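In case you want the letters, here they are:
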Amino acid sequence: MGLFGSLFDKGVKGDLKRFYYSPGYCDMLGASHYSTLEKNDDGNWIFVTGDREEHSEPMTVITYSVSAEKASEFEKFIKETNFTALSKRPKNRGFMTDYSPWGYYLDFDCSASGGSRSESFDITEYHEYTSKDLDLMKEVLARFNALKGDLISKVKEDD
């Protein structure tokens, strides 16, 4: 089950629909940054990033292909390590204004396994995490960023 697999209880049984990550950043000027793994309208996995530094700037959205094999391996790692269990960590007392906290957001389709249609998990900054939890987050983020394949498009979107 791997280095992290023994740290957690049993995990989610559904199929990954979407993995979304946003780094923590100061957003007094309207910065926005995110990366997501999801399927496009054709059912193919894509990796999408969005970035802008100020409200007055357009969002730069870059889309990359992702092989089905790499997406499957990533989903398997998420499940084997029960990464979603981190969403149950106790909240801490931290809070900052004019700041967007980092977070991982995962959506699963659980209808095929007899569960509800979808299940969502939020793993966000204002919780208490162990050093092993933080190591797992770093590993997940590294594997997530390694999913990018060929460039599909780069566009600037006005709000």
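Scroll up to find the structure.
We now turn to the structure provided with this report.

Rules and cut-offs
- Residues numbered from 1 in each chain as written.
- Predicted model: local features only at pLDDT ≥ 70, side-chain atom pairs only at ≥ 80, totals over all residues.
- Heavy atoms only, no water.
- Salt bridge = Lys/Arg side-chain N within 4 Å of Asp/Glu carboxyl O.
- Helix = DSSP H or I, 4+ residues; strand = E, 2+ residues; numbered from the N terminus.
- Expected span 1.5 Å × (residues − 1).
- Buried < 20%, exposed > 50% of the residue type's maximum accessible area, 1.4 Å probe, protein only.
- Arc of directions from axis to C-beta.
- Contact = heavy atoms within 4.5 Å.

## A look at the pattern of salt bridges
Applying the stated criterion across every chain yields a total of 5 salt bridges. Among the ionic pairs, Glu-75 bridges to Lys-79, the shortest N-O distance being 3.1 Å. Here Glu-75 pairs with Lys-79, and both are found in helix α1 (residues 68–80), just 4 residues apart, close to one helical turn. The residue Lys-76 makes a salt bridge to Glu-80 at a minimum N-O spacing of 3.8 Å. With a gap of 4 residues between them, Lys-76 and Glu-80 both fall in helix α1, about one helical turn apart.

## Details of α1
With 13 residues, α1 extends 18 Å between its outermost C-alpha atoms, agreeing within 8% with the 18 Å of an ideal straight helix rising 1.5 Å per residue. What α1 keeps buried is the set Ala-71, Phe-74, Glu-75, Phe-77 and Ile-78. Down the axis, α1 shows its buried residues gathered within 160° of arc, on one side only. Among the exposed residues of α1, those oriented more than 90 degrees off its buried face are Ala-68, Glu-69 and Lys-76. Looking at the buried residues of α1, the elements they touch are β1 (15–22), β3 (32–39), β4 (45–52), β7 (103–109) and α2 (131–145).

Taken by themselves, the reported measurements are silent on function.
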